[in-house]
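# Structure assessment
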Amino acid sequence: MKWAVLAALVIDLGRRGVRVPSDTNDQLKLARMKIMSGCFSPCEIGCAFGKLEGQLIAVGSALGEDYLRPWSDLLGQAMEGRIDPRRISDIPALEPIANECNWLACRCGETATLPETVRPEAGSSCS
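Keep in mind it's a predicted model, so treat the numbers as computed, not measured.

### Considering the nonpolar core
Residues Trp3 and Val5 are the most contacted members of the largest nonpolar core, which totals 29 residues. Among the elements of the structure, α1 (2-15), α2 (24-37), α3 (42-60) and α4 (65-79) are those that each provide at least two residues to this core. With 10 residues, α1 is the single largest residue contributor to this core.

Next comes the structure, spelled out in structure tokens:
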């Protein structure tokens, strides 16, 4: 669910005219593929999310603390497992992710395949 919150944050920042780093969408897609493949450790995925979160919080800081606070709360809920994936459309901030599955270049209900060029990196860690 942390992926969903970060993806929704990217969409919301864009709607507000805030420019996010150009590779953010690619990083989100790669993180999602890592999750779906099952070939990467939670540590590796957590590292990817941590880097994305840091970038997005830094970019979003231009909108102020009042803007970032609800997103931080949602990220916390996602990390604690308190967001039910079946009820994602009930959370207004996450609705774009629930309604736009093609954001991942897939169709709802299909599983994505991991490209040949994406493989777990040997020796990678969360340090």
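### Re the confidence of the model for the protein
When the pLDDT values of the protein are averaged, the result is 79; 77% of them are 70 or greater. Least confident of the elements in the protein is helix α5 (residues 95-99), whose mean pLDDT is 74; most confident is α4, at 94.

### A few points about the pattern of salt bridges
This model, assessed by the stated rule, comprises 5 salt bridges. In this structure, Arg69 and Glu65 form a salt bridge, with 2.7 Å as the shortest nitrogen-oxygen distance. Linking Arg69 with Glu65, this pair stays in helix α4, spanning 4 residues, or about one helical turn. Linking Arg69 and Asp66 is a salt bridge whose minimum nitrogen-to-oxygen distance equals 3.2 Å. Of the two residues, Arg69 and Asp66 both sit in helix α4, 3 residues apart, roughly one turn of that helix. Among the ionic contacts, a cluster of salt bridges with common partners joins Glu65, Asp66 and Arg69.

### Overview of α3
Compared with the 27 Å implied by 1.5 Å per residue over 19 residues, the 26 Å span of α3 between its first and last C-alpha is a close match. Contact partners of the buried residues in α3: α1, α2 and α4.

### Things to note about the packing of α2 against α3
Where α2 contacts α3, the axes come no closer than 10 Å and their chain directions differ by 155 degrees. If you check the angle between α2 and α3, you find them roughly antiparallel. Remark: the crossing between α2 and α3 carries left-handed chirality. Contacts between α2 and α3 involve Thr24, Gln27, Leu28, Ala31, Lys34 and Ile35 from the former and Ile45, Phe49, Leu52, Gln55 and Leu56 from the latter. The class makeup of the residues in the contact of α2 with α3 is 7 nonpolar, 3 polar and 1 charged.

Cut-offs used in this document
Residues numbered from 1 in each chain as written. Predicted model: local features only at pLDDT ≥ 70, side-chain atom pairs only at ≥ 80, totals over all residues. Heavy atoms only, no water. Core = buried A, V, L, I, M, F, W, Y, C linked by side-chain atoms within 4.5 Å. Buried < 20%, exposed > 50% of the residue type's maximum accessible area, 1.4 Å probe, protein only. Helix = DSSP H or I, 4+ residues; strand = E, 2+ residues; numbered from the N terminus. pLDDT = per-residue confidence, 0-100. Salt bridge = Lys/Arg side-chain N within 4 Å of Asp/Glu carboxyl O. Expected span 1.5 Å × (residues − 1). Contact = heavy atoms within 4.5 Å. Axes fitted to C-alpha atoms, helices over the stretch in contact; angles between N-to-C directions. Parallel < 35°, antiparallel > 145°, perpendicular 65-115°, else oblique. Left-handed = near helix turned anticlockwise from the far one by under 90°. Nonpolar A, V, L, I, M, F, W, Y, C, P; charged D, E, K, R; others polar.

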